[in-house]
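# Structural overview
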Amino acid sequence: MKQKKVLYAGKAKTVYRTDTKGKLIVEFRDDITAFDGGKKDVLKNKWSYNAEVSSFFFSYLEENGVRTHFVKMLDERHMVVHELRMIPLEVIVRNLAAGSIVRNYPFKEGTKLEPPVIVIDYKDDSRHDPMLNDDLIVALKIATPRELAKIKKVALEINRLLFKLLAAQGITLVDFKIEFGRKGKTICLGDEISMDSMRLWDKKTGESLDKDVYRFNKGDVMATYNRVAARITKTRKK
Ligand code: 5GP
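Let us look at the structure shown here. All values reported here derive from a predicted model rather than from experimental measurement.

On a plain count of helices and strands, the protein comes out with 6 helices and 14 strands. What you see for the protein is a C-alpha radius of gyration of 17 Å, in line with the 18 Å of a compact globule of 238 residues. Its C-alpha atoms put the protein at 50 × 40 × 40 Å along the principal axes. The buried share of the protein, reckoned over its 238 residues, is 50%.

This part is about the nonpolar core. Ranked by size, the top nonpolar core spans 58 residues in total, and within it F57, I158, L162, F180, L200 and I232 carry the most contacts. Not counting residues up to four positions away in its chain, the partners in contact with I232 are V53, F56, F57, L166, I171, M195 and L200.

It is worth spelling out the environment of N159 at this point. Mapped onto the elements of the fold, N159 is located in helix α4 (residues 145–167). Using a relative accessible area of 5% as the deciding quantity, one classes N159 as buried. What N159 contacts, discounting residues up to four positions off in sequence, is V93, N95, P116, L173 and F176. Here N95 takes part through its side chain, which lies 2.8 Å from a polar atom of the side chain of N159.

Looking at chain direction, strand β6 (residues 70–73) and strand β7 (residues 78–82) are connected through 3 bridges and run antiparallel. Its bridge partner being in β7, F70 is matched across the sheet by V81. Between β6 and β7, which pair antiparallel one after the other, the connecting turn spans 4 residues.

Right, let's talk about the site of the ligand for a bit. Around the ligand, a shell composed of 14 residues is seen, among which R94, S100, D175, R199 and R215 lie nearest. D175 has a polar side-chain atom sitting 2.6 Å from an oxygen atom of the ligand. When the free accessible area of the ligand is taken as 490 Å², the share hidden by the protein chains comes to 81%. Counting only elements with at least two residues in the shell around the ligand, the list comes to β9 (89–96), β11 (171–178) and β14 (198–202). A per-element tally of the shell around the ligand places β9 first, with 3 residues. Of the residues in the shell around the ligand, the class split is 3 nonpolar, 3 polar and 8 charged.

Within this model, the second largest pocket holds a volume of roughly 210 Å³. Every residue lining the second largest pocket is listed: N64, G65, V66, R67, K150, K153, V154, E157, K185, T186 and I187. Here the lining of the second largest pocket takes 4 residues from α4, the largest share from any one element. Among the residues making up the lining of the second largest pocket, the classes are represented as 3 nonpolar, 3 polar and 5 charged. Looking at which domains feed residues into the lining of the second largest pocket, each of domain 1 (3–82) and domain 2 (85–220) gives three or more.

A separate point is the packing of aromatic side chains. Going through the model one piece at a time under the given rule, you end up with 3 aromatic pairs. When the centroid spacing of 5.8 Å and the interplanar angle of 65° are considered together, the rings of F35 and F216 count as edge-to-face. Within this pair, whereas F35 is found in the loop between β4 (31–34) and β5 (39–42), its partner F216 is found in the loop between α5 (212–215) and α6 (221–234), the two being separated by 181 residues in sequence. Residue classification places F216 among the partly exposed residues on the basis of a relative accessible area of 45%. When the centroid spacing of 6.1 Å and the interplanar angle of 15° are considered together, the rings of F58 and F70 count as stacked. With F58 in helix α1 (residues 46–63) and F70 in strand β6, this residue pair connects regions lying 12 residues apart in the sequence. Per residue, the accessibility class of F58 equals that of F70, and both read buried. Taking NZ or CZ as reference, K39 lies 4.4 Å from the ring centre of Y214, over its face.

The rules behind each value
- Residues numbered from 1 in each chain as written.
- Predicted model: local features only at pLDDT ≥ 70, side-chain atom pairs only at ≥ 80, totals over all residues.
- Heavy atoms only, no water.
- Helix = DSSP H or I, 4+ residues; strand = E, 2+ residues; numbered from the N terminus.
- Rg over C-alpha atoms; globule rule 2.2 N^0.38 Å.
- Buried < 20%, exposed > 50% of the residue type's maximum accessible area, 1.4 Å probe, protein only.
- Core = buried A, V, L, I, M, F, W, Y, C linked by side-chain atoms within 4.5 Å.
- Contact = heavy atoms within 4.5 Å.
- Polar contact = N/O pair within 3.5 Å; in protein donor to acceptor, adjacent residues only side chain to side chain.
- Pairing = 2+ DSSP bridges.
- Near = heavy atom within 4 Å.
- Areas by Shrake-Rupley, 256 points an atom, 1.4 Å probe, with all protein chains shown as cover.
- Nonpolar A, V, L, I, M, F, W, Y, C, P; charged D, E, K, R; others polar.
- 1 Å grid on protein atoms, 1.4 Å probe; cavity = no way out; pocket = protein on both sides within 12 Å on 5 of 7 lines; lining within 4 Å.
- Points joined across faces, edges and corners; volume = space filled by probe spheres on them.
- Domains from an automatic or database assignment.
- Phe/Tyr/Trp six-rings, centres within 6.5 Å; stacked < 30°, edge-to-face > 60°.
- Lys NZ or Arg CZ within 6 Å of the ring centre and 35° of its normal.

Next up, the structure:
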C-alpha cells in the first residue's frame, strides 16, 4: 500500500490518502496539545506510545464485537484504517467525576458515576466544543435518533470492555473520549484511543497516568506514557 496526499492534519495525527480505495493511513505524531491548543509541545517518541496503545485497544475491541476503523499497523507508526465519514461528535464516557464535569457541576472529584455518564460535545474548535443534547444533535442533523441510540450503546459497551481490561492492570478508567464515523450505513469507532484521550488513575496510589500529567505539569509525561503503555499492553501478553 502506498501513502499518497495528506487528507487531514489534526493536532496529533496526520491522515493520508492511499492508492487503495476506501483505505487511509493514520500517522501518529509527537505533538501534544491541551486547553484548546493553548498549550502545545513536541515530545520525542510520543507517537510510539499512542500508536501502540491505540492499535492494542482497537484490536481488543474488534475481537469483542465492536466495529472500528482499524485494519492493521503498516509499521510501528502508521495505522491503516477504513475511510469513514466522520460524525463531528466527541462522545465522552465517565465512570468517575473528574475534569470538566467537576469544574462545571457540583460533583466532588472521584465521585463514582453509576451508571456511567455519557456527555456528547460538538467537535468544533472554533466554538470550543460545546456540549450537545439529543435534541440539538438531531436538530443539527448530525445524527438520527436511531444512530444516536446506537452510538450511546456502543460507547457503553466500549466502556465496559476497557474498564475490565484496565482494572486487570490496577488501572481505573476514569473517563475517555471517542469519535465515530459512518462506513456505508454502519457506525464504526474511529480516531484513536490513547492516554491523550483518556483519564487513567492508578488504583492504589490515585496517580494520573494520562494527559493530565501534561495538562497540569504533574511530572515526566513520556516516562508516564512509557510505563502505562507497557502496563496496558501487558494485560493480554501471556
Ligand atoms: P473533560 O471534559 O473532563 O475535559 O474530558 C473528558 C475526557 O475526554 C478526558 O479523558 C479527556 O482527555 C477527553 N477529551 C475531551 N476532549 C478532548 C479532546 O478534544 N481531545 C482529546 N484527545 N481528548 C479529549
